[in-house]
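Working through the structure, step by step
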Amino acid sequence: MSEELRVSSIETRGVPGKRRYAMVIDTRRCIGCMACQVACKAEYDTPLGVNRTWVPYKVTGKYPNVKKHFLPRLCNHCDDPPCVRNCPVEATFKVDDGGFVLQRYERCIGCRSCMAACPYNARFMLPSHRTYTPITNVVDKCTFCFHRVTQNLVPACVQTCVGRARVFGDLNDPNSEVSYLVAHNPTQVLRPEQGTKPHVFYIGADRNHTEYGRDVYRRIEVMESERAAWKKHFDL
Amino acid sequence: MGEYLVFHDVAWHATYAIYFFVIGIVAGLSFLSYASWHLPALRPLREKSAYVSFALLVVGGLLLIADLSQPMRFLNMLNPAYLNFSSPLAWGALNLVAYGIASVLYLLMMLWKKDEKNGKMLALVTALLALGLPIYTGFDLTVHQHRPVWNTPVIPLLFVALAFSTGSAVGALMSANNAEAQQVLRQFMLWSAGAVVVILIAIMGTTSYGGSAEELTFMLMTSGTMGLLFVGVGFLAGSLAPVVMLFAPTGKSISVILVSALLILLGSAAVRYVILMAPQQVQTLF
Ligand code: SF4
Ligand code: SF4
């Protein structure tokens, strides 16, 4: 008895002739150097205060037995992206071959519906003043380095990752490194319950570190001073 | 345990809450104008509420456009080649435009032509399209699957109930010296504010039983400044108190009705603000 895998019309999983790019992030190898974040900033001149990729961390344990858990983050280029469903003018869309979720800057009206729809905070509003580019006042996010990948380069963050914690490739190709990693390791995605089918897979990401704590009435020690400094700096 | 996160901004800022508030009154006043064709007591309100709702529609439209980071591109929403029908915002834009056209026609028929027959029909069409306004604004929030409170099917119903209650409250303030109209509006306010009370209890009940994001949201909505606004102003002073006051034997006195109307307006603004902002605060921690 067999049944075909049922996928929604927008998904590219196992579709012959279509690529399905994905990133595998091995958190065991991430040392939190933030080189990826810097490489991304350099690649796109992403303004201060917003990020296409970022590396938050949690510290667990009691001194002297403490551990920092890094969780590099970026747009998941979801196979079933709620941001695309929610954009009223199709300014954000999914590329059929490759599965990149991209923005049409010239069409975006800045209604921020996509930001509200993304369960991962992957989107942000560009400020009104920028130095090297006229793209302002529209929503932006990670593009999986579409311009590099289509020229057979890996994304800037992957290229620069010193720990080789980030690996990029085509999941529809059984011989790719990402396919190998996903096949041979237990992997996690962020918020699987949202049905977004993310294309960023984590190895070694503990669910306790990828979710809000259940014990909500005990205040977690968010690095409030840093957040407050950001807020003050950007007048938010 | 400590944690470091980069700062995330919320998607929608408080201006949307003002828009929701205004558009709710727009819809509520359209209902009153339609009701005036069936309830003689409301007859003096027919033109007034149509006028005021149209004026507020213009204000609401401008608020909505000004809140876009590319205001002039609101035209993209009306471009059939761009429209994405899986987005509630696209439906909302169409609903708003259709409502605007219907209310202009209604005003013309009623005031210039004094055409009773078509006027009544257009009043019905306008009221039906007006019903779409709170429903679509509710859906704007409801479709976001990962947001506690927003992602409950009763949000559109809550917004419809708030539209009824705030529309009737504005109607009551506009006809302060008309005792007959006041009694009808008292009934409207009593039942719609009662519905708001029930829906708010239902929302908070389900939220407090949810997962960790829901728990966090519940905590935010019931403590601190948000708690004061939501529980204090929105629920107790702005929904429960008017219901009790209007239901009590003294509820028929004009002064009680007017005070209730003011409280309902205040409460609905607070409820909308907290429902918009609190579930977004939690998300910034992710
Ligand atoms: S992570 Fe967010 S922005 Fe990226 S595709 Fe998924 S829903 Fe869209
Ligand atoms: S902000 Fe731009 S990309 Fe996002 S939903 Fe609105 S129009 Fe679409």
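Residues numbered from 1 in each chain as written. Chains lettered and ligands numbered in written order. Predicted model: local features only at pLDDT ≥ 70, side-chain atom pairs only at ≥ 80, totals over all residues. Heavy atoms only, no water.

Going by an unreviewed UniProt entry, chain B carries the name Polysulphide reductase NrfD and comes from Hydrogenophilus thermoluteolus. What UniProt records for chain B under Subcellular location (unreviewed entry) is the sentence "Cell membrane". Under the UniProt heading Sequence similarities (unreviewed entry), the entry covering chain B gives this text: "Belongs to the NrfD family." (UniProt positions renumbered as here; feature names shortened; annotations may be inferred.)

Going by the annotation in an unreviewed UniProt entry, the name recorded for chain A is 4Fe-4S ferredoxin iron-sulfur binding domain protein, with Hydrogenophilus thermoluteolus given as the source organism.

Further remarks concern the UniProt feature "transmembrane region" (unreviewed entry) in chain B. Here, the residues flagged by UniProt with the feature "transmembrane region" (unreviewed entry) are residues 16-37, 49-69, 89-109, 121-139, 154-176, 188-206, 226-247 and 254-275 of chain B. This span, residues 254-275 of chain B, is 100% helix and 0% strand, and a straight line between its end C-alpha atoms measures 31 Å. (Helix = DSSP H or I, 4+ residues; strand = E, 2+ residues; numbered from the N terminus.)

Right, let's get into the packing of helix H7 (residues 212-222) of chain B against helix H8 (residues 224-247) of chain B. All names here are of chain B. Contact geometry of H7 with H8 gives a least axis separation of 5 Å together with a crossing angle of 80°. What the angle tells us is that H7 and H8 run roughly perpendicular. Side by side, H7 and H8 meet where Leu220, Met221 and Thr222 of the first sit next to Met226, Gly227, Phe230 and Val231 of the second. Among the residues forming the contact of H7 with H8, the class breakdown is 5 nonpolar, 2 polar and no charged. (Axes fitted to C-alpha atoms, helices over the stretch in contact; angles between N-to-C directions. Parallel < 35°, antiparallel > 145°, perpendicular 65-115°, else oblique. Contact = heavy atoms within 4.5 Å. Nonpolar A, V, L, I, M, F, W, Y, C, P; charged D, E, K, R; others polar.)

Another point: the interface of chain B and chain A. Counting residues at the interface gives 48 residues for chain B and 58 residues for chain A. For the pair chain B and chain A, the summed buried area comes to about 4900 Å², and 54% of that belongs to carbon and sulfur atoms. Scanning the region where chain B abuts chain A turns up 0 salt bridges. For the interface between chain B and chain A, the tally reads 28 residue pairs in polar contact (both at pLDDT 80 or more). Secondary-structure elements contributing two or more residues to the side of chain B that touches chain A are strand E1 (2-4), helix H3 (88-113), H7 and helix H9 (254-283) of chain B. (Buried area = accessible area lost by both parts, 1.4 Å probe. Salt bridge = Lys/Arg side-chain N within 4 Å of Asp/Glu carboxyl O. Polar contact = N/O pair within 3.5 Å; in protein donor to acceptor, adjacent residues only side chain to side chain.)

According to the stated counting rule, one finds 12 aromatic pairs over all chains in the structure shown. Pairing tryptophan 12 of chain B with tyrosine 16 of chain B gives two aromatic rings, centres 5.1 Å apart and planes at 50°, and the pair type is tilted. As far as burial versus exposure is concerned, tryptophan 12 of chain B and tyrosine 16 of chain B are alike and both buried. Looking at tyrosine 16 of chain B, the relative accessible area reads 6%, which means it is buried. Site record: aromatic cluster; members linked through ring pairs are Trp12, Tyr16, Tyr19, Phe20, Trp150 and Phe159 of chain B. Here lysine 68 of chain A stacks its cationic end above the ring of tyrosine 57 of chain A, 4.4 Å away from the centre of that ring. One cation-aromatic arrangement involves arginine 46 of chain B over tryptophan 37 of chain B; the distance from NZ or CZ to the ring centre is 3.6 Å. (Phe/Tyr/Trp six-rings, centres within 6.5 Å; stacked < 30°, edge-to-face > 60°. Buried < 20%, exposed > 50% of the residue type's maximum accessible area, 1.4 Å probe, protein only. Lys NZ or Arg CZ within 6 Å of the ring centre and 35° of its normal.)

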